[in-house]
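# Structure assessment
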Amino acid sequence: MDLIEEIKKAEAEAEKIKKQAEQKGMQTLEQTRAELQQKLDSISQKRSEYIKESQKQVEKIVAEQRKVIEEEYKKMSKELNNKIKESKNRAVEKVQEIILKWQRSD
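All of these numbers come straight from a predicted model, not from anything done at the bench. (Residues numbered from 1 in each chain as written. Predicted model: local features only at pLDDT ≥ 70, side-chain atom pairs only at ≥ 80, totals over all residues. Heavy atoms only, no water.)

### Concerning the overall build of the protein
- What the protein contains, in helices and strands, is one helix and zero strands.
- Taken against the 2.2 N^0.38 rule, which gives 13 Å for 106 residues, the C-alpha radius of gyration of the protein at 45 Å runs more than 25% over that of a compact globule.
- Overall, the C-alpha framework of the protein stretches about 155 × 15 × 5 Å when taken along its three principal axes.
- The 106 residues of the protein split such that 0% are buried.
- Carbon together with sulfur atoms contributes 56% to the accessible area of the protein, which is approximately 10800 Å² in total.
- The centroid of the 25 positive side-chain charges in the protein is displaced by 11 Å from the centroid of its 22 negative side-chain charges. (Helix = DSSP H or I, 4+ residues; strand = E, 2+ residues; numbered from the N terminus. Rg over C-alpha atoms; globule rule 2.2 N^0.38 Å. Buried < 20%, exposed > 50% of the residue type's maximum accessible area, 1.4 Å probe, protein only. Areas by Shrake-Rupley, 256 points an atom, 1.4 Å probe, with all protein chains shown as cover. Lys, Arg positive; Asp, Glu negative; His and termini not counted. Charge placed at Lys NZ, Arg CZ, Asp CG, Glu CD.)

So, in structure tokens, the structure goes:
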């Protein structure tokens, strides 16, 4: 009988060790999952920060380019207006000359 009791004790001890190993494995697995989730959250946060920073840089570049384009537009517009005024003045002068010549020819 002693042998049967020892076998039963060994089986009970083996079952106890098995349950402890399963529990420890589950704890390790859960701990690893939590750590990986933390790392994933951290990576996601850093990604969001990089995207925001990149967006700020893009907005800054766009604002700078817009300012340059606006300044170029103002310069070109002013030059064009000056040319129009000059052409208008020359046209007025020519018309005046024609009128004066016409009046003299009478």
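Read on, since the account is not over.
### Here we look at the environment of Asn82
- Inspection of the secondary structure assignment puts Asn82 in helix α1 (residues 2–105).
- Along the chain, Asn82 and Lys60 lie 22 residues apart, while their C-alpha atoms are 33 Å from each other.

### A look at the pattern of salt bridges
- Counting across every chain of the model gives two salt bridges.
- Across the salt bridge formed by Arg33 and Glu30, the nearest N and O atoms sit 2.8 Å from each other. Within this pair, Arg33 and its partner Glu30 are both found in helix α1, separated by three residues, close to a single helical turn.
- A residue is classified by how much of its surface remains accessible, and Glu30, at 41% relative accessible area, is partly exposed.
- For Arg66, the salt bridge identified is with Glu70, shortest N-O distance 3.2 Å. Here the residue Arg66 and the residue Glu70 both occupy positions in helix α1, the gap between them amounting to four residues, near one helical turn.
- By relative accessible area, which is 36% here, Glu70 ends up partly exposed. (Salt bridge = Lys/Arg side-chain N within 4 Å of Asp/Glu carboxyl O.)

### Describing the environment of Lys78
- Along the chain, Lys78 falls in helix α1.
- A relative accessible area of 57% means that Lys78 is categorised as exposed.
- Once the C-alpha coordinates of Lys78 and Gln103 are considered, the two residues, 25 residues apart in sequence, prove to be 37 Å apart.

### Overview of a nonpolar patch on the surface
- A surface patch of nonpolar side chains, about 320 Å² in accessible area, is lined by Val95, Ile99 and Trp102.
- For Val95, the location among the structural elements is in helix α1. (Patch = residues over 30% accessible without salt bridge, like charges linked within 9 Å, V, L, I, M, F, W, Y side chains within 5 Å.)

Interpretation in functional terms is not warranted from these geometric data alone.
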